[in-house]
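Summary of structural features
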Amino acid sequence: MFGLVNVLEYMQIGLVILLGIYLLFRNTRINASPLSQIRTVIRASQYAPYEKYIINQMNLESGYLTNTLSQPPIYNPFSMGAVSIRKTTQIDTYSNPNIDDGMPFGVYEDYASATQDFIYYLDNIRMPMDLTCQEYNAYINSKGYAVDPRYEEKLNNMCR
């Protein structure tokens, strides 16, 4: 009987250690850098071949993750407007009269959920596959993603 009690105690200790390791790795993933979170979601999507183009677009929209919208607690690196029609991961909206005349923008739980919402947007506009960087930019621009008349040109300057 004494041996069985020791085995059970060791099993409990082992389970606690395994749970601790799981939580450590889970928190490491959640606390990954913004760019790492964004890349992870893109790579898990059908748009993985467009990763460079999507990152270019995110960098243009967010000023390389430095603008107000891309920072916590808004987490909107793609400057996505408030969604009312399609599937979304937005949890709230944010507007500021100094940003696009007070246009409402989406607020997200984190960078991963913002990126998933961008993937939903690409699905919604039926983004074609096998496009070059310039073709991707032209398609995004044709769908009215941004109001800047030089948007496509700016994106094309980022193609490598």
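First things first, this report covers the structure right here in the doc. Owing to the predicted nature of the structure, the values given are computational and were not obtained by experimental measurement.

Criteria and thresholds
Residues numbered from 1 in each chain as written. Predicted model: local features only at pLDDT ≥ 70, side-chain atom pairs only at ≥ 80, totals over all residues. Heavy atoms only, no water. Helix = DSSP H or I, 4+ residues; strand = E, 2+ residues; numbered from the N terminus. Contact = heavy atoms within 4.5 Å. Areas by Shrake-Rupley, 256 points an atom, 1.4 Å probe, with all protein chains shown as cover. Expected span 1.5 Å × (residues − 1). Buried < 20%, exposed > 50% of the residue type's maximum accessible area, 1.4 Å probe, protein only. Polar contact = N/O pair within 3.5 Å; in protein donor to acceptor, adjacent residues only side chain to side chain. Arc of directions from axis to C-beta. Phe/Tyr/Trp six-rings, centres within 6.5 Å; stacked < 30°, edge-to-face > 60°. Core = buried A, V, L, I, M, F, W, Y, C linked by side-chain atoms within 4.5 Å.

Considering the overall build of the chain
- Summing up its helical and strand segments, the chain has 6 helices and 2 strands in all.
- Sequence-ordered secondary structure for the chain, helices as α and strands as β, is α-α-α-β-β-α-α-α.
- Excluding contacts between residues fewer than 6 apart, the proportion of contacts in the chain whose partners are at least 24 apart in sequence is 56%.
- Of the roughly 9900 Å² of accessible surface on the chain, a fraction of 57% belongs to carbon and sulfur atoms.

Description of helix α4 (residues 111-124)
- The end-to-end C-alpha distance of α4 is 20 Å, a good match for the 20 Å that 14 residues give at a rise of 1.5 Å each.
- Counted residue by residue, α4 has 10 buried out of 14 residues, so it is predominantly covered.
- Along α4, the residues classified as buried are Tyr 111, Ser 113, Ala 114, Thr 115, Asp 117, Phe 118, Ile 119, Tyr 120, Tyr 121 and Leu 122.
- The secondary structure elements touched by the buried residues of α4 are α2 (34-43), α3 (51-62) and α5 (133-142).
- Between the side-chain oxygen at the start of α4 and the backbone nitrogen of Ala 112 there is a gap of 3.3 Å, and the oxygen is on Asp 110.
- A positive phi of about 55° marks Arg 126, the residue just after α4.

What to know about α2
- Regarding α2, the residues found buried are Gln 37, Ile 38, Val 41 and Ile 42. The arc that holds every buried residue of α2, seen down its axis, measures 130°, which confines them to one face.

Concerning the packing of aromatic side chains
- All told, the structure shown has 9 aromatic pairs when counted by the stated rule.
- Taken together, a centroid distance of 5.0 Å and an interplanar angle of 85° make the contact between Tyr 75 and Tyr 111 edge-to-face. Within this pair, whereas Tyr 75 is found in the loop between α3 and β1 (92-94), its partner Tyr 111 is found in helix α4, the two being separated by 36 residues in sequence.
- Exposure remark for Tyr 111: the relative accessible area of 6% places this residue in the buried category.

Focus on the nonpolar core
- Of all hydrophobic cores here, the largest spans 31 residues; its most connected members are Ile 54, Phe 118, Leu 122, Met 127, Tyr 136 and Ile 140.
- For this core, the secondary-structure elements that each account for two or more residues are α2, α3, α4, α5 and α6 (151-156).
- In terms of residue count, the dominant contributor to this core is α4 (6 residues).
- The residues contacting Tyr 136, other than those within four sequence positions of it, are Tyr 50, Tyr 53, Ile 54, Gln 57, Phe 118, Leu 122, Met 127 and Leu 131.
- With 5 residues, the next largest nonpolar core counts Leu 69, Ile 74, Phe 105 and Val 107 among its residues.

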